[in-house]
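Commentary on secondary and tertiary structure
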Amino acid sequence: MAKDTLSIIDNRTGKEYEIPIEEGGVIRAARLRNIKTSPDDFGLMSYDPAFVNTASCRSKVTFIDGDTGILRYRGYPIEELAEKSNYLEVAYLVVKGELPDSKHYAAWEQNIKTHTMVHENVKTFMEGFRYDAHPMGMLVGTIGALSTFYPGAAQIEDLETRRLETRRLIGKLPTLAAWAYRHSRGLPYVYPDNDLSYAGNFLSMLFKMTEQTYQPNLVLERALDILFILHADHEQNCSANAMRSVGSSHVDPYSAVAAATAALYGPLHGGANEAVIRMLMDVGSVKNVPDFIKKVKAGERLMMGFGHRIYKSYDPRAKIIKRLAYEVFEETGKNPLIDISLELERIALEDDYFVTRKLYPNVDFYTGVTYQAMGFPMTMFPVLFAIARTSGWLAQWAEMVRDPEQKIARPRQVYVGEQLRHWTAIEKRPEPLMREDAVSDSI
Ligand code: CMC
């Protein structure tokens, strides 16, 4: 009779251990600690740099099947949400677990809009940044600073506090993001207009000039809303892991969202959309694509916007964005960089290097060309990602706070450094050159 267990024989001792297999294919790493050579032995532990095969939580928020390219929020396929829903409704779904009925949607929208304003001191704080400050750096700083305005946010065990801070963060992120942009342009900050939609108000705070009321272009407003939907959550990615890990110290959610935003800033994560445009500009024209591909295969360059830890097939978000790009171009004119993207994709999808490694376009491959056509400067691309991902971070955070199995995140290490040695007087120490490895290891 088949059993849902794993039998392990420790060849050092000849002992056999039986470990339950849970959830159809999961073993608890802590069980390995029972595998010992003697009672005072620490026991076995698993070594998994970058968590490539370690689940750090049980989650109900997002489902991904990377082999077949499936992405669902709370069970709903991303394609249906992108076509039929709007970002605020999806944020509700992600955060609360169900789609709202019309009464709850109206209350949620009202609640988010109530929180679009920020304290005037935040404006002064933002004015202190250099004229050329990257808006993502400004966002990290200002989100973190918000914790000083809302000290009550530290009561993370309290449900009503979590709800309030969730509404505040989703409401305020576009304001901070837009003001970071206006700062870089030397333009006065625009206050929220709550008569507009979530995306429409954001566009107003970015692009409003002297007009009394800003009327967003409906195609671009909808396109931005869809892009927000596609970026709302993506299970245990680098920034969600940062949110959970930093949040596990029970710090307030502003500090944890600031940490998640910092994680998103990097070029291997949310900064990839900016890096894609830089790469496309660097390639320069379609005729240079084969040369560029050669460099990628030689390991000299990375093909930004390609590859994914989880997707080993076409990222379903990239499919939607590729189509969306053309809808945007109908309104704005074609972004000439799209031709280079298409050629890169065409060659890569036929090339053995990419095929054998299962490298396909990810979400960032077509977002950059779309955002650029919409008038966003490159530095704003990861900022747009951060606005949308805030709902996902908060959903992951709330799940972590409520989960009785979670504790402060604290991985183990395999110590490979020096064994015990004793301090020697400076004139008796060996030349650093003789210890080159030791010195170069440390930075
Ligand atoms: N260009 C060229 N080669 C690549 C690329 C790429 N973009 N991505 C992976 N590879 C190669 C890699 O060199 C390795 O080759 P080998 O087996 O010969 O050593 C193999 O493919 C497996 O890659 P990996 O580095 O083990 O994969 P990973 O899961 O650690 O990294 C990744 C995933 C997304 C960091 C990586 O694919 C990458 O750097 N992509 C470019 C940056 C990018 O587009 N990031 C956005 C990710 S999606 C949105 C988000 O999460 O923010």
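Below is a short write-up of the structure. (Residues numbered from 1 in each chain as written. Predicted model: local features only at pLDDT ≥ 70, side-chain atom pairs only at ≥ 80, totals over all residues. Heavy atoms only, no water.)

So, the overall build of the protein chain
Here is the rule: Here a helix means four or more residues in a row that DSSP labels H or I, a strand means two or more in a row labelled E, and each is numbered from the N terminus. Only the C-alpha atoms count toward the radius of gyration. The rule for a globule is 2.2 Å times the residue count to the power 0.38. Any residue under 20% of the maximum accessible area for its type is buried, any over 50% is exposed, and the rest in between are partly exposed; the area is computed with a 1.4 Å probe on protein chains only. Note on areas: Shrake-Rupley, 1.4 Å probe, and residue coverage restricted to the protein chains presented here. Asp and Glu are treated as the negative residues and Lys and Arg as the positive ones, with His and the ends of the chain left uncounted. For the purpose of locating charges, the reference atoms are NZ of Lys, CZ of Arg, CG of Asp and CD of Glu.
Counting secondary structure elements, the protein chain contains 18 helices and five strands. Its C-alpha atoms give the protein chain a radius of gyration of 25 Å, near enough to 22 Å, the size a compact globule of 443 residues would have. Structurally, the protein chain occupies a C-alpha span of about 80 × 70 × 60 Å along its principal axes. In the protein chain, which comprises 443 residues, the share counted as buried stands at 47%. When the accessible surface of the protein chain is summed, it comes to about 23,200 Å², and 53% of that surface belongs to carbon and sulfur atoms. Distance between charge centres in the protein chain, computed from 52 positive and 57 negative side chains, equals 3 Å.

Considering the packing of helix 6 (residues 159-185) against helix 7 (residues 198-207)
The line we're drawing: Lines fitted to C-alpha atoms define the axes here, with helix axes fitted over just the stretch in contact, and angles between the N-to-C directions of these axes take values from 0 to 180 degrees. Should an angle fall under 35 degrees it is taken as roughly parallel, and over 145 as roughly antiparallel, whereas 65 to 115 is taken as roughly perpendicular and any remaining angle as oblique. Crossing handedness: left-handed means the near helix sits turned counterclockwise from the far one by under a right angle, and right-handed means the same turn made clockwise. Between two residues, a contact is recorded if the distance between any of their heavy atoms is within 4.5 Å.
Direction vectors running N to C along helix 6 and helix 7 enclose 25 degrees, while the axes themselves pass 8 Å from each other. Between helix 6 and helix 7, the interaxial angle falls into the category roughly parallel. Handedness of the helix 6/helix 7 crossing: right-handed. Between helix 6 and helix 7, the contacting residues are Ile 170, Pro 174, Thr 175, Ala 177, Ala 178, Tyr 181 and Arg 182 on the first element and Tyr 198, Phe 202, Met 205, Leu 206 and Phe 207 on the second.

Some details on unusual backbone geometry
A positive phi is found at Glu 23, a non-glycine position, where the angle reads about 50 degrees. The topology assignment puts Glu 23 in the loop between strand 2 (15-20) and strand 3 (62-65). Assessed through its relative accessible area of 57%, Glu 23 is described here as exposed. You will see that Arg 74, though not glycine, has its phi angle at about 50 degrees, which is positive.

Observations concerning the packing of helix 5 (residues 135-149) against helix 6
To be explicit about the condition: All amino acids are sorted into three groups, where Ala, Val, Leu, Ile, Met, Phe, Trp, Tyr, Cys and Pro are nonpolar, Asp, Glu, Lys and Arg are charged, and the leftover types, Gly among them, are polar.
Between helix 5 and helix 6, the least distance of the axes is 9 Å, while the angle of their chain directions is 140 degrees. The orientation of helix 5 with respect to helix 6, classified from their angle, is oblique. Helix-helix and strand crossings are classified by hand; for helix 5 and helix 6 the assignment is right-handed. Taking contact as the criterion, the partners of Pro 135, Met 138, Leu 139, Thr 142, Ile 143 and Leu 146 in helix 5 are, on helix 6, Leu 169, Lys 172, Leu 173, Leu 176, Ala 177, Ala 180 and His 183. For the contact of helix 5 with helix 6, the per-class residue count stands at ten nonpolar, two polar and one charged.

Description of helix 5
Cut-off, in case you're wondering: Each residue after the first adds 1.5 Å to the expected span of a helix.
The end-to-end C-alpha distance of helix 5, which contains 15 residues, comes to 21 Å, matching closely the 21 Å that a straight helix rising 1.5 Å per residue would cover. Every buried residue belonging to helix 5 is among Pro 135, Met 136, Met 138, Leu 139, Thr 142, Ile 143, Gly 144, Ala 145, Leu 146 and Ser 147, and all of these are buried. As for helix 5, its buried residues are in contact with helix 4 (120-127), helix 6, helix 10 (253-265) and helix 17 (381-402).

Quick word on the nonpolar core
Our working rule: We define the nonpolar core as a collection of buried residues of types Ala, Val, Leu, Ile, Met, Phe, Trp, Tyr and Cys that are connected through side-chain atoms lying within 4.5 Å of one another.
Core analysis: the biggest nonpolar cluster contains 118 residues, and Phe 202, Phe 228, Leu 344 and Phe 376 have the highest contact counts within it. With 14 residues, the top contributor of residues to this core is helix 17. The residues contacting Phe 202, other than those within four sequence positions of it, are Pro 174, Ala 177, Ala 178, Leu 224, Phe 228, Phe 376, Met 380, Leu 384 and Ile 387.

Considering the pattern of salt bridges
Stated precisely, the cut-off is as follows: We define a salt bridge as a contact between a side-chain nitrogen of Lys or Arg and a carboxyl oxygen of Asp or Glu at a distance within 4 Å.
Tallying each qualifying case throughout the model produces 22 salt bridges. Between Glu 22 and Arg 28 there is a salt bridge whose closest N-O contact spans 3.0 Å. Linking Glu 160 and Arg 163 is a salt bridge whose minimum nitrogen-to-oxygen distance equals 3.1 Å. Here Glu 160 and its partner Arg 163 are both found in helix 6, three residues apart, which amounts to about one turn of the helix. The class of Arg 163 is partly exposed, set by a relative accessible area of 36%. A network of salt bridges, in which partner residues are shared, links Glu 22, Arg 28 and Glu 405.

By themselves, these figures tell us nothing about what the structure is for.
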